[in-house]
Amino acid sequence: MGTVKNKKLFVVAVLIMALLFTAEWKTAYASSNIQALLTSWFEEEKQESILSLEKEITKEKEAQMAILKKEISATLAQANQELADFTAQEAEKSKEELKEYTNLLIQSMEFDVEGQQEQFLIEVERIMEEAYTKLEKAQAESMENTE
């Protein structure tokens, strides 16, 4: 009987050892599996965060660019209007000065012959028309350059 008891004891010892070995193996496997799972989860979260951040930055950049374009357009329109107003005022001022100067010349001239007066007035009128044309052309070019 001693042998049967030894055999039973041996079998029980082997079973206990197998059970302990299996339990240790499952613990080690579970530990490495948890680590891999956590690493994978953190990696996915990191990627999602990066994509979300990039998306938000792109959205904000587009919104700011739209605001900037709108402001630039409004500023350019205002500058063009101011330049057009200034050009028109300067052209009008120049015309008035030219008229005054012409009238001053006419008043300061004395003619003995009526024909000479008329010829002089025709020449002055031609000069004035030429000056008006040049002023209007300069104004038009100034308006084209601002656009």
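Residues numbered from 1 in each chain as written. Predicted model: local features only at pLDDT ≥ 70, side-chain atom pairs only at ≥ 80, totals over all residues. Heavy atoms only, no water.

S.K.: Explain the packing of aromatic side chains to me, and be specific about the residues and the numbers.
M.R.: Considering all chains together, one arrives at 1 aromatic pair under this definition. Relative to Phe42, the ring of Trp41 lies with its centre 4.9 Å away and its plane at 70°, an arrangement referred to as edge-to-face. Classification of Trp41 by relative accessible area gives partly exposed; the value is 44%. (Phe/Tyr/Trp six-rings, centres within 6.5 Å; stacked < 30°, edge-to-face > 60°. Buried < 20%, exposed > 50% of the residue type's maximum accessible area, 1.4 Å probe, protein only.)

S.K.: Hey, could you go over a negative patch on the surface for me, with residue numbers and the actual values?
M.R.: A cluster of acidic side chains, namely Glu92, Glu96, Glu97 and Glu100, defines a negative patch on the protein surface. You can see Glu100 is positioned in helix 1 (residues 2-108). Its relative accessible area of 55% is what places Glu100 among the exposed residues. (Patch = residues over 30% accessible without salt bridge, like charges linked within 9 Å, V, L, I, M, F, W, Y side chains within 5 Å. Areas by Shrake-Rupley, 256 points an atom, 1.4 Å probe, with all protein chains shown as cover. Salt bridge = Lys/Arg side-chain N within 4 Å of Asp/Glu carboxyl O. Lys, Arg positive; Asp, Glu negative; His and termini not counted. Charge placed at Lys NZ, Arg CZ, Asp CG, Glu CD. Helix = DSSP H or I, 4+ residues; strand = E, 2+ residues; numbered from the N terminus.)

S.K.: Before we move on, could you go through the environment of Thr87 and cite the residues and values that matter?
M.R.: With respect to the secondary-structure elements, Thr87 resides in helix 1. Put simply, Thr87 and Ala140 are 53 residues apart on the chain and 9.0 Å apart in space, counted from C-alpha to C-alpha. Excluding residues that lie within four positions of it along the chain, Thr87 makes contacts with Gln139 and Ser142. In this structure the side chain of Thr87 is engaged in a polar contact, spanning 2.7 Å, whose partner is the backbone oxygen of Leu83. (Contact = heavy atoms within 4.5 Å. Polar contact = N/O pair within 3.5 Å; in protein donor to acceptor, adjacent residues only side chain to side chain.)

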